[in-house]
Every structure is written in structure tokens, then in C-alpha cells.
Amino acid sequence: MAEPQSKSGSELVPELVSEFRAAPKTESSALRRPQLTMDLSALRHNAVVAKQAAGGRKLFAAVKADGYGHGAAMVTQAIRESMDGFMVASLGEGEALRQAGVTQRIMVLQGVMSQTEARRAAQRFLEPVFHHVSQIEAVGRVGFGLPLTAWLKLDTGMHRVGFTADEFPEAYARLSTLRGVRPNPGVLTHFARADEPNPAPTHAQIDLFHQVTATVQGDTSLCNSAGLLAFPDAGGDWVRPGIMLYGGNPFVTGTAADHGLRPVMTLTTRLIAIRTVQAGETVGYGGRFTASETMPVGVVAIGYGDGYPRHAPDGTPILVNGQRARLIGRVSMDLITVDLRGITASVGDSVECWGAQLPIDEVASAALTISYELMCQMSGRVARRIVE
Ligand SMILES: *Cc1c(COP(=O)(O)O)cnc(C)c1O
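What counts and how
- Residues numbered from 1 in each chain as written.
- Predicted model: local features only at pLDDT ≥ 70, side-chain atom pairs only at ≥ 80, totals over all residues.
- Heavy atoms only, no water.
- Buried < 20%, exposed > 50% of the residue type's maximum accessible area, 1.4 Å probe, protein only.
- Helix = DSSP H or I, 4+ residues; strand = E, 2+ residues; numbered from the N terminus.
- Domains from an automatic or database assignment.
- Contact = heavy atoms within 4.5 Å.
- Salt bridge = Lys/Arg side-chain N within 4 Å of Asp/Glu carboxyl O.
- Polar contact = N/O pair within 3.5 Å; in protein donor to acceptor, adjacent residues only side chain to side chain.
- Nonpolar A, V, L, I, M, F, W, Y, C, P; charged D, E, K, R; others polar.
- Phe/Tyr/Trp six-rings, centres within 6.5 Å; stacked < 30°, edge-to-face > 60°.

### A closer look at helix α5 (residues 72–79)
Of all the eight residues making up α5, eight are buried; the element is thus mostly covered by neighbouring parts of the structure. When α5 is considered as a whole, its buried residues turn out to be Ala 72, Ala 73, Met 74, Val 75, Thr 76, Gln 77, Ala 78 and Ile 79.

Written out as C-alpha cells, the structure is:
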């Protein structure tokens, strides 16, 4: 096993390095537990892919939900050279990034709900998004010592948060004239369907955005990963890639590799038992899988307590010793079971749930979810290590 932190470790935040060093134990019990390996060179590579796709536009890297489960402090540190800023969901996430030493711009999507929160944001140079009139009212006409760099969310079709085209002019004027807010706030919108093959809904969102913001002086931002890759003419001053940085496929079709993206997260564990199940016997809780013949079944040390999706059905792909095998039986908290027919394996062999050899998107689609969710739901029990 590679040394978790070699030379390049010194570039990382020191507390982070010791935390990651402490996690993987070399004793054999730890080797039987699941491990997440984060490939820094893949992360940096994907960031360069995003930067190239951005053309001259600036980039806010989406690192909400702890960097999509990869560790926001690690991610911000690793790709700071190719990013102009970072984007988080909550004020607390933004403050944590400042604590971790991030000095670039930080957009906070949920914005602020009170003067106290606005002051916290201003003091830390966090840039809140105003998506509802109640936020503008709550911030009111007071100053915060340091002026807030603010963004206004324009709803162009997602219909979740943001001001409609009709509401926009008044909201923008009100936000711009708040005493605590820097003049010319930025404007952003978010695509609802840029991941789908039909480009029409996204083109409609892009057109509406440019129409409504034609006279806006502040910065503008439209694209998530899918928008960045599939709509090169979408425009805006900033783009906001997320999933592509982590090597997930931003689209409902094709693969991440089609776009030159490399997986950052690899989830591995071990085969801890092999047994023979007789024809007619069932495996696991609820007896979901019934053996149609006498067959070898492998028991793998991972479960939903680690973040493996409990609703993964029979047939979900998994790699045993580099060979493609199928999940059988219900996922339990600490264990899963796999069909070892046709597989060469012995106890202690390595198992990859997803990552370098098995795209996370394949596992996600088998489990009727998306790579985003699998990445975000990794539990704290899983040991993490960083490799170059
Ligand atoms: C999460 C998020 C992004 C990034 O989306 P990806 O699909 O991961 O690229 C961009 N913009 C907003 C508003 C987001 O919430």
C-alpha cells in the first residue's frame, strides 16, 4: 500500500495531513475495513479540464457537502491554482473553508437570513446569494463594517429558488442600494436540465438569463458542469463546475471518460469470507437472493453503515480482485454478498466498490441514483487516504 502522504503532503494544510495520516491503520483489522482513496492528480487533472472548458471565464468550484464527500479542505487546497473561487451551500461551510486557510472568493448559495449572518459573511469575505425577498428585508439598511459582495439568484426555469424575470429588476435595484452591500451585485442562475440530451430547455434558460440581465453591470454566472461542457456558448463571467471535478459524469448519457474526466474517489475493501450456498438456499436479510444452483458466495466488508447504497439491487457491479462480479442479496450495515461464480478469489482479496477501475456512475445507475449521492453519503467510519 502506498504511503499516504509522501513529498506532496507538505503542500496540504498540516491539520488535514495528520487527520488523514491518523485514519488508516496498518494493522490487519484496518485492512479489512473499507477505505477511500482520493487521487489528487485526477482531481487536478479534472480541474484543468474544467478550466479549459471555461475559456476565459472564471471558476467557482462547487465544494458544498464537504467537497461532494471528498473533503472540502483537501479539495480546495489541491485545486486552488486552477480555481478563482469556491462555492458552498451554507454560511457554516464557508466559515469552515476560511478556517482551513482558503483565501480565494467563496460564494454561499443559501445566503444569509439575518443581520447577524450578514455580518458574519462580511467579516469572512463570504459572498452570499440572495434568492428571496425576505433575505433583502432581513439584511436591511445597516452597514457591516466591511461591505458584502452579494449575488442575486435569477430563476430562469428551475423554479426552486430565485427571483422570476418579472421580480428581478426591483429585487436587483433593492439589493444594489443596500448600505451594507457593494454596488453592482453579481447575478447567477442554475440549469434544471443541462444533463439531458435535449438542449432546448437549457437554451431557453440561457436566452432568458441574458435578456433579463442585459443591463446588469455586475458579474454573471450560469453554468454547472453539464452546462460548462455541453453549452460552450452559454456565456457569463463565471462558471460553477462541481461533479466533473470529482470525475463523475455530469450527463444522463455517456461516461465521465468521454469528457476526459478521471475518478478521484476509489472505494475499496476486502473479501472476508467465501462460502458455498446450496441450490434453493437464500442469502442475507429477507432472503432476497435464492441460489438456483450450488454456488460460491463472497462476503465483503462494506455496508450501508459505510455509505454503500442499501437499495443496490442484485446485479449491481463490483470488482473482486479486478474481476467484475455482481452483488447478490440485500446490503446490510457492515456486509454485502457477491456472486463468485466464474471469479478467482480468496479470502483477503481486494474489492473495489467503485473508482479507478469501476466507474461510480455504473454503480449509481444500477442503484437507481446518481454519483453525487454516492459520493456525498460516504460515512465517517471509512478510512481516507490521499495519493498523488
Ligand atoms: C451544486 C451546484 C453547482 C454544481 O453542479 P454540478 O452539477 O455538480 O456541476 C452549480 N451551481 C449551483 C447553484 C449548485 O447548487
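Okay, back to it.
### With respect to the domain arrangement of the protein
The assigned domain composition of the protein is domain 1 (40–254) and domain 2 (265–387). Facing twelve residues of domain 1, the contacting portion of domain 2 comprises nine residues. Remark: the boundary between domain 1 and domain 2 carries zero salt bridges. Inspection of the domain 1/domain 2 interface yields three residue pairs in polar contact (both at pLDDT 80 or more). Listing elements by their share of the side of domain 1 that touches domain 2, those giving two or more residues are α3 (40–53) and α4 (64–68). Partitioning the side of domain 1 that touches domain 2 into residue classes produces six nonpolar, six polar and no charged.

### So, the packing of aromatic side chains
Counted by the stated rule, this structure contains seven aromatic pairs. Centroid distance Phe 60 to Trp 238: 4.1 Å. Interplanar angle 20°. Geometry classified as stacked. Taken together, the positions of Phe 60 in strand β2 (residues 58–62) and Trp 238 in strand β9 (residues 238–239) put the pair 178 residues apart, joining distant regions of the chain. Taking the relative accessible area as the measure of exposure, Phe 60 reaches 0% and is therefore buried. Owing to a relative accessible area of 1%, Trp 238 belongs among the buried residues under this scheme. Look at Tyr 68 and Tyr 246: their rings are 4.7 Å apart centre to centre, the planes differ by 25°, and that puts the pair in the stacked class. Taken as a pair, Tyr 68 in helix α4 and Tyr 246 in the loop between β9 and β10 (265–277) lie far apart in primary sequence, 178 residues in all. Take Tyr 68 and Tyr 246: they sit in the same class, and that class is buried.

### Here's the deal with the pattern of salt bridges
Scanning the entire structure with this criterion turns up 14 salt bridges. Taking the shortest distance from any N to any O, the salt bridge between Asp 306 and Arg 33 comes out at 3.0 Å. A residue pair is termed long-range when its members are at least 10 positions apart, and Asp 306 in the loop between β13 (295–300) and β14 (317–320) and Arg 33 in the loop between α2 (28–31) and β1 (35–39) qualify at 273 residues. Assessed through its relative accessible area of 0%, Asp 306 is described here as buried. Notably, a salt bridge pairs Arg 288 with Asp 314, separated by 3.1 Å at the nearest N-O pair. Within this pair, whereas Arg 288 is found in the loop between β11 (282–283) and β12 (289–290), its partner Asp 314 is found in the loop between β13 and β14, the two being separated by 26 residues in sequence.

### Remarks on the side chain of Gln 205
With respect to the element layout, Gln 205 can be found in helix α10 (residues 200–212). For Gln 205, a relative accessible area of 4% corresponds to the buried category. When near neighbours in sequence (up to four residues on either side) are disregarded, Gln 205 contacts Thr 156, Gly 157, Met 158, Thr 189, His 190, Phe 191, Ala 192 and Arg 193.

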